[in-house]
Amino acid sequence: VVFMLNVSICIGSACHMKGSKDVIARLKQLVAENKLEDKVALNGSFCTGNCQHAVCVTIGDTLYSLSPETTDDFFKNEVLTRI
């Protein structure tokens with residue numbers, strides 16, 4: 001059984017306006033650079049109801065508020081530490 005870390009990125013209106021497209025692109029790039037395609041699944045999700053925290057990203061039940069500028073730190077601190 002292969003462990004897969006599921007990372008969901010909101011693509012609803014508020015998150016889209018605040019840069020979810022850029023966050024997704026950077027996360028894809030970081031997953032590829034670290035050769036983690038078989039360990040990290042990036043999924044789009046519709047509005048999580050936390051628009052004030054946009055861009056909303058969840059791992060399990062934990063909600064994170066990202067911007068394109070904080071994506072690298074999120075990947076290092078929240079994704080890599082779980083692999």
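Everything below is about the structure shown above.
What counts as what
Residues numbered from 1 in each chain as written. Predicted model: local features only at pLDDT ≥ 70, side-chain atom pairs only at ≥ 80, totals over all residues. Heavy atoms only, no water. Core = buried A, V, L, I, M, F, W, Y, C linked by side-chain atoms within 4.5 Å. Buried < 20%, exposed > 50% of the residue type's maximum accessible area, 1.4 Å probe, protein only. Helix = DSSP H or I, 4+ residues; strand = E, 2+ residues; numbered from the N terminus. Contact = heavy atoms within 4.5 Å. Pairing = 2+ DSSP bridges. Axes fitted to C-alpha atoms, helices over the stretch in contact; angles between N-to-C directions. Phe/Tyr/Trp six-rings, centres within 6.5 Å; stacked < 30°, edge-to-face > 60°. Salt bridge = Lys/Arg side-chain N within 4 Å of Asp/Glu carboxyl O.

With that settled, consider the nonpolar core. Soluble, globular proteins show a tendency: their nonpolar side chains are buried together. Core analysis: the largest hydrophobic core is formed by 22 residues, its most contacted members being Val 7, Ile 9, Val 57, Phe 74 and Val 79. Mapped onto this core, the elements with two or more residues apiece are strand E1 (5–10), helix H2 (20–33), strand E3 (56–59) and helix H3 (71–79). With five residues, the top contributor of residues to this core is H2. Setting aside chain neighbours within four positions, we find Val 57 in contact with Val 7, Ser 8, Ile 9, Val 23, Thr 62, Leu 63, Tyr 64, Leu 66 and Phe 74.

With respect to topology, four strands assemble into an open sheet ordered E2-E1-E3-E4, the strand pairing being mixed. This sheet does not close on itself; its edge strands, each paired only once, are strand E2 (40–45) and strand E4 (62–65). Ignoring strand direction, the axes of neighbouring strands in this sheet form an average angle of 25°. Judged from the four bridges that link them, E3 and E4 form a sheet pairing that is antiparallel.

A few words on the packing of aromatic side chains. Both the distance between ring centres and the angle between the ring planes are used here to describe each pair of aromatic rings. For the structure shown, the criterion picks out one aromatic pair. Plain terms: the ring middles of Tyr 64 and Phe 74 are 5.2 Å apart, the flat faces sit at 65° to each other, and that makes the pair edge-to-face. Taken together, the residues Tyr 64 in strand E4 and Phe 74 in helix H3 connect sequence positions 10 residues apart. When sorted by exposure, Tyr 64 lands in the same class as Phe 74, which is buried.

Attention now moves to the pattern of salt bridges. Enumeration over the complete set of coordinates arrives at three salt bridges. Of the charged contacts, one joins Arg 26 and Glu 33 as a salt bridge, the two residues approaching to 3.8 Å between their closest N and O atoms. Using a relative accessible area of 48% as the deciding quantity, one classes Glu 33 as partly exposed. Taken together, the shared-partner salt bridges connect Arg 26, Glu 33 and Asp 72 into one network.

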